[in-house]
2 protein chains.
Amino acid sequence: MDRHQQLIAGLAEPEDTKIVLLVLDGVGDIRTASRRQTPLEAAKTPHLDALAARASTGRITPVAPGVTPGSGPGHLALFGYDPTSPEAEIGRGVLEALGLGLDIAPGTLTARGNFATAGADGKLTDRRAGRIPTAECVRLAEKLNRAIAARPDLPVEATVHAGEAHRFVLLLRGPNLRPELADTDPQELGEPPLAVTALRPEAAGTAERVAALVAVLEAAIADEPKANRVLLRGFSMLPHLPSFGELYHLRAAAFAGYPLYRGVASACGMEVVPCGKRFGDALDAIAKRWSDFDYGFIHVKQTDQSGEDGDFDAKVAVIEEVDAALPRLLDLRPDVLAITGDHSTPVAYSAHSWHPVPLLLWSETCFADGVERYDELAVLGGTLGTLPSHQLMGLLLAHAGRLKKYGA
Amino acid sequence: MDRHQQLIAGLAEPEDTKIVLLVLDGVGDIRTASRRQTPLEAAKTPHLDALAARASTGRITPVAPGVTPGSGPGHLALFGYDPTSPEAEIGRGVLEALGLGLDIAPGTLTARGNFATAGADGKLTDRRAGRIPTAECVRLAEKLNRAIAARPDLPVEATVHAGEAHRFVLLLRGPNLRPELADTDPQELGEPPLAVTALRPEAAGTAERVAALVAVLEAAIADEPKANRVLLRGFSMLPHLPSFGELYHLRAAAFAGYPLYRGVASACGMEVVPCGKRFGDALDAIAKRWSDFDYGFIHVKQTDQSGEDGDFDAKVAVIEEVDAALPRLLDLRPDVLAITGDHSTPVAYSAHSWHPVPLLLWSETCFADGVERYDELAVLGGTLGTLPSHQLMGLLLAHAGRLKKYGA
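Cut-offs applied
- Residues numbered from 1 in each chain as written.
- Chains lettered and ligands numbered in written order.
- Predicted model: local features only at pLDDT ≥ 70, side-chain atom pairs only at ≥ 80, totals over all residues.
- Heavy atoms only, no water.
- Helix = DSSP H or I, 4+ residues; strand = E, 2+ residues; numbered from the N terminus.
- Buried < 20%, exposed > 50% of the residue type's maximum accessible area, 1.4 Å probe, protein only.
- Contact = heavy atoms within 4.5 Å.
- Lys, Arg positive; Asp, Glu negative; His and termini not counted.
- Charge placed at Lys NZ, Arg CZ, Asp CG, Glu CD.
- Least-squares fit on C-alpha atoms with pLDDT ≥ 70 in both.
- Phe/Tyr/Trp six-rings, centres within 6.5 Å; stacked < 30°, edge-to-face > 60°.
- Lys NZ or Arg CZ within 6 Å of the ring centre and 35° of its normal.
- Buried area = accessible area lost by both parts, 1.4 Å probe.
- Salt bridge = Lys/Arg side-chain N within 4 Å of Asp/Glu carboxyl O.
- Polar contact = N/O pair within 3.5 Å; in protein donor to acceptor, adjacent residues only side chain to side chain.
- Axes fitted to C-alpha atoms, helices over the stretch in contact; angles between N-to-C directions.
- Parallel < 35°, antiparallel > 145°, perpendicular 65-115°, else oblique.
- Nonpolar A, V, L, I, M, F, W, Y, C, P; charged D, E, K, R; others polar.
- Pairing = 2+ DSSP bridges.
- Arc of directions from axis to C-beta.
- Core = buried A, V, L, I, M, F, W, Y, C linked by side-chain atoms within 4.5 Å.
- pLDDT = per-residue confidence, 0-100.
- Expected span 1.5 Å × (residues − 1).
- Patch = residues over 30% accessible without salt bridge, like charges linked within 9 Å, V, L, I, M, F, W, Y side chains within 5 Å.
- Areas by Shrake-Rupley, 256 points an atom, 1.4 Å probe, with all protein chains shown as cover.

1. A short note on the overall build of chain A
At step 1: From N to C terminus, chain A includes 13 helices and 13 strands.
At step 2: A principal-axis box enclosing the C-alpha atoms of chain A has dimensions of 75 × 55 × 40 Å.
At step 3: Evaluated residue by residue, chain A yields a buried proportion of 59% over its 408 residues.
At step 4: Put simply, of all contacts in chain A between residues at least 6 apart along the chain, 75% involve residues at least 24 apart.
At step 5: Computed over 40 positive and 52 negative side-chain charges, the separation of the two mean positions in chain A equals 2 Å.

2. So, the relation of the copies chain A and chain B
At step 1: If you rotate chain A by 124 degrees and push it 0.1 Å along the axis, it lands on chain B with an RMSD of 0.2 Å. On the angle and the small slide along the axis, the relation comes out as a three-fold axis. If distances are taken from each C-alpha of chain A to the rotation axis, the shortest is found for Gly381(A), at 4.4 Å.

3. Some remarks on the packing of aromatic side chains
At step 1: Taken as a whole and judged by the stated rule, the model has 16 aromatic pairs over all chains.
At step 2: Judged by centre distance (4.9 Å) and plane angle (75 degrees), the rings of Phe79(A) and Phe297(A) are edge-to-face. Within this pair, whereas Phe79(A) is found in the loop between α4 (71-78) and α5 (92-99), its partner Phe297(A) is found in strand β10 (residues 295-300), the two being separated by 218 residues in sequence. Considered together, Phe79(A) and Phe297(A) belong to a single accessibility category, that of buried residues.
At step 3: The side chain of Lys277(A) reaches across the aromatic face of Tyr258(A), ending 4.6 Å from its centre.
At step 4: Its guanidinium or amino end placed over the ring of Trp290(B), Lys18(B) lies 5.3 Å from that ring's centre, counting from NZ or CZ.

4. Brief notes about the interface of chain A and chain B
At step 1: At the junction of the two partners, chain A supplies 32 residues and chain B supplies 28 residues.
At step 2: Of the roughly 2100 Å² buried between chain A and chain B, counting both surfaces, carbon and sulfur atoms make up 61%.
At step 3: Broken down residue by residue, the surface that chain A buries against chain B is led by Arg31(A), Pro65(A) and Trp354(A), which jointly contribute 23%.
At step 4: For the interface between chain A and chain B, the tally reads 1 salt bridge.
At step 5: Taken together, the links from chain A to chain B amount to 8 residue pairs in polar contact (both at pLDDT 80 or more).
At step 6: Of all the secondary-structure elements, those providing two or more residues to the side of chain A that touches chain B are α4 and α5 of chain A.

5. Description of the packing of helix α10 (residues 279-288) of chain B against helix α12 (residues 312-331) of chain B
Residue and element names in this part refer to chain B.
At step 1: In contact at an axis separation of 10 Å, α10 and α12 are set at 10 degrees when each is read in the N-to-C sense. As summarised for this structure, α10 and α12 are arranged roughly parallel, according to the angle between their axes. Along the contact surface, α10 presents Phe279, Gly280, Leu283 and Asp284, while α12 presents Glu321, Val322, Ala325, Leu326, Arg328 and Leu329.
At step 2: Broken down by class, the residue content of the contact of α10 with α12 amounts to 6 nonpolar, 1 polar and 3 charged.

6. Looking at the pairing of strand β6 (residues 167-173) of chain B
Residue and element names in this part refer to chain B.
At step 1: For β6, a buried count of 5 out of 7 residues is recorded, marking the element as mostly surrounded by other parts of the structure.
At step 2: In this structure, strand β3 (residues 109-118) lies alongside β6, joined through 6 bridges in antiparallel fashion. Of the residues in β6, the one forming a bridge with Arg112 is Val169.
At step 3: The pairing of strand β5 (residues 157-162) with β6 spans 6 bridges and is antiparallel. Bridging across to β6, Thr159 finds its partner in Leu171.
At step 4: In this antiparallel pair of consecutive strands, β5 and β6, the connection spans 4 residues, and Ala165 shows a positive phi of 55 degrees.

7. Details of the sheet that holds strand β9 (residues 271-272) of chain A
Residues and elements named next belong to chain A.
At step 1: Taken together, the 8 strands give an open sheet; going across it, the order is β9-β8-β10-β1-β11-β12-β2-β13, and neighbouring strands pair in mixed fashion. On the outer flanks of this sheet lie β9 and β13 (385-388), each paired with one strand and no other.
At step 2: When strand β8 (residues 252-255) meets β10, the two strands line up parallel, connected through 4 bridges. Pairing of Phe255 across the sheet is with Ile298, part of β10.

8. Brief notes about helix α5 (residues 92-99) of chain B
Residue and element names in this part refer to chain B.
At step 1: Turning to α5, its buried residues number three or more, namely Gly93, Val94, Ala97 and Leu98. Buried positions in α5, seen along its axis, are confined to an arc of 130 degrees and lie on one side of it.
At step 2: Residues of α5 that are buried make contact with β3, β6, β7 (229-236) and α9 (259-267).

9. Things to note about the nonpolar core
At step 1: Ranked by internal contacts, the top residues of the largest apolar core, which has 100 residues, are Leu22(B), Phe79(B), Phe244(B), Phe255(B), Tyr295(B), Ile298(B) and Ile339(B).
At step 2: Looking at this core, the element that brings in the most residues is α12(B), giving 8 residues.

10. Some words on the confidence of the model for chain A
At step 1: When pLDDT is averaged across chain A, the result is 95; 100% of the residues are at 70 or more.
At step 2: The complex model carries a pTM of 0.88, and its ipTM stands at 0.86.

11. Focus on the pattern of salt bridges
Residues and elements named next belong to chain A.
At step 1: According to the stated counting rule, one finds 47 salt bridges over all chains in the structure shown.
At step 2: A salt bridge links Arg112 to Glu96; the nearest nitrogen and oxygen atoms lie 3.5 Å apart. You can see Arg112 sitting in strand β3 (residues 109-118) and its partner Glu96 sitting in helix α5, a full 16 residues away along the chain.
At step 3: Each of Glu136, Arg139, Lys143, Asp223 and Glu224 takes part in a single network of salt bridges with overlapping partners.

12. Quick notes on helix α6 (residues 134-149) of chain A
All names here are of chain A.
At step 1: For α6, built from 16 residues, the straight-helix expectation of 22 Å at 1.5 Å per residue is met to within 8% by its first-to-last C-alpha distance of 22 Å.
At step 2: Listing the buried residues of α6 in full gives Cys137, Leu140, Ala141, Lys143, Leu144, Ala147 and Ile148. The arc that holds every buried residue of α6, seen down its axis, measures 160 degrees, which confines them to one face. Set apart from the buried face of α6 by more than 90 degrees, the exposed residues are Ala135, Arg146 and Ala149.
At step 3: Taken together, the buried residues of α6 touch β3, β5 (157-162), β6 (167-173) and α7 (204-220).

13. Concerning the side chain of Asn114(A)
Residues and elements named next belong to chain A.
At step 1: With respect to the element layout, Asn114 can be found in strand β3.
At step 2: For Asn114, a relative accessible area of 3% puts it in the buried group.
At step 3: Discounting chain neighbours no more than four positions away, the residues touching Asn114 are Arg127, Arg128, His166, Arg167, Phe168, Arg229, Val230, Leu231 and Arg233.

14. Digging into the sheet that holds strand β1 (residues 19-24) of chain B
Residues and elements named next belong to chain B.
At step 1: Taken in spatial order, the 8 strands of this open sheet run β9-β8-β10-β1-β11-β12-β2-β13, and their pairing is mixed. If you trace the sheet from one side to the other, it starts and ends with β9 (271-272) and β13 (385-388), each paired once.
At step 2: When β1 meets strand β11 (residues 336-340), the two strands line up parallel, connected through 5 bridges. By the bridge assignment for β11, Ile19 is matched with Val336.
At step 3: Those strands touched by α9 are β8 (252-255), β9 and β10 (295-300), and its axis lies near 160 degrees from that of β10.

15. What about a negative patch on the surface?
At step 1: Taken together, the side chains of Glu15(A), Asp16(A), Asp335(A) and Glu364(A) define an acidic patch exposed on the protein surface.
At step 2: Note that Glu15(A) resides in the loop between α1 (3-11) and β1 (19-24).

Dropping the structure here:
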């Protein structure tokens with residue numbers, strides 16, 4: 001835990017107040033020479049405007065100036081974890097699993113897999129099994145899952161999930177699994193796949209169990225013409241983070257329609273509440289569960305999607321969709337409501353970017369700073385200034401009356 | 001390397017884009033009660049204004065609020081090195097050498113020298129040799145250099161460079177020199193000069209070689225009435241910094257007319273391109289070498305000089321000189337152009353100061369934030385906010401498409 005989070009956690013105390021963090025993924029944008037308005041500037045947002053006029057505003061920097069975050073670090077920062085600290089790192093296997101839409105829980109060991117081809121001598125002749133078609137990959141994954149089901153004596157629970165072409169994801173569950181395993185991909189031809197080996201002594205047991213599984217998997221496909229071996233890389237688990245309960249005395253719940261955000265929330269000890277993919281679906285879910293949590297994280301994906309698509313009008317439309325439904329959220333009467341993003345996704349880039357993200361923070365006791373719009377340039381005049389995303393959590397807790405005085 | 005630089009270096013990747021950093025030394029200034037305009041505000045700068053209207057703007061803080069930087073730390077920060085980290089420290093000998101206009105290379109050992117007077121018993125009677133005139137110092141330096149030339153068997157190459165009055169700089173070159181040597185100045189009278197001693201075991205060889213040199217130097221002046229001994233202090237080398245190539249995958253070149261800036265650039269692994277002292281000279285040089293580098297650092301000294309001189313009109317004139325020639329730089333079509341300073345040098349102070357320095361950053365993909373002037377107050381409305389100088393490098397790389405995404 002970094003020093004800032006230690007400070008905040010040391011001051012956090014229980015209180016009967018409710019915080020809602022509304023994340024409009026990728027909402028931040030830029031003006032360019034050819035388009036002199038951002039989507040937030042162009043959108044008609046009467047409810048956001050009215051809220052801004054009663055709120056504090058400012059900006060958050062996701063990681064550091066110039067650094068474009070992935071969604072993992074972007075969200076961990078919003079949840080108060082320094083995204084550059086090594087313990088907050090999210091491994092490649094986990095990312096691949098979340099990217100495939102798999103819900104993974106803390107303790108699930110993940111790995112990225114390739115089907116590969118080896119000759120009779122066991123040496124690799126193709127690390128990607130000739131880039132077999134995806135349908136073939138699906139067939140092979142089913143074959144492996146059947147082989148696993150036929151061996152209930154295996155020392156680890158496993159499922160294989162087909163990806164594109166020769167790629168798959170392996171999920172492993174069971175007691176005391178550790179992620180410190182070396183890749184079995186030798187990264188060159190003419191070598192056999194590497195044995196599963198532990199990178200640290202405490203992972204030795206896991207290595208043995210995974211090796212037993214790999215033997216079963218490879219026996220099941222030994223007769224395949226191309227995909228007769230498996231190569232595993234990026235063994236990883238959701239990071240083991242101190243939870244919202246431990247850190248902040250918050251019962252936290254996540255209302256997110258997409259697996260990656262559910263995964264990150266879950267790694268922070270939030271309850272993941274099933275809900276649909278639009279803002280309205282999240283509102284339905286949060287209203288139903290309103291009395292069960294102190295902190296609700298709502299994730300809206302479509303702001304990022306439209307930015308990634310380079311679709312200005314679609315991004316404006318999503319912002320207006322959120323604005324139109326905002327009164328439903330306000331009617332629930334959260335004590336603190338923050339609206340921001342995990343990063344910017346400028347339409348002109350069709351990609352994530354490093355630009356600071358506008359922030360609106362409302363509570364009954366907030367500094368109403370006179371900024372009357374929630375957009376990139378208006379909030380430059382706001383009282384919150386520009387702060388690192390991972391320092392937002394302290395402001396949320398403070399506005400909820402959940403932070404003790406520091407010293408006397 | 002500090003953690004921020006580690007983060008940026010870990011994300012940097014090669015790309016076919018060119019960055020130019022134009023440093024207007026000491027450009028930042030202040031309004032005072034008696035002068036309600038800064039030089040940047042007073043100057044007529046049509047080209048800078050037009051560029052600002054298409055650019056992102058903000059400010060950089062060289063070291064920390066209230067901390068006035070020397071030129072060394074000011075520039076190291078612009079180059080992405082945390083100027084407060086111990087490995088970025090520039091020793092006194094190096095500064096004195098650079099201040100005398102000597103070009104020193106990494107690996108050159110420098111020391112500040114005093115001529116001093118000792119009695120027949122070897123004990124010091126005057127640590128400054130009666131503050132001999134500078135002409136006398138020049139004569140003595142030549143005498144020492146002749147003595148060195150007469151001894152080709154010396155275990156180290158050395159040159160003596162006269163400074164003002166009793167002061168000189170000693171430059172030492174040769175394989176495996178180390179800077180960890182104690183001062184030979186005992187700092188009090190009635191003591192003999194101290195022997196050259198190593199502060200760390202790995203400098204023992206260097207201490208022996210320098211001691212042999214000192215013996216030759218002192219033999220050469222033993223018959224002088226006043227300046228019959230030498231005292232050496234501040235042994236140091238240019239800091240050994242990871243280079244621009246290693247850190248950022250950039251071929252970097254410096255276009256600076258003054259030695260101090262060439263020295264700092266050289267310590268960062270930049271190629272130092274010979275050029276004259278005015279902005280126009282640097283433009284001539286950079287145009288000639290345009291295809292040879294990815295990152296060009298241009299240094300304009302006269303903004304600082306006029307500030308140091310307390311000459312408002314001269315500072316305005318230099319800014320207008322830069323503005324008038326700016327189209328020549330734009331015609332070269334850099335992908336990223338940043339204009340800022342290493343620190344402020346307010347006319348009212350006639351000295352460096354701690355004030356944040358205005359920053360203009362242009363690229364095709366920058367956030368055109370609507371600020372229409374490059375001056376201290378206008379840029380307060382800019383999207384870049386106020387950031388530590390050593391975080392500018394990340395923004396330059398990001399705008400050049402040279403930073404990978406962090407996490408996924």
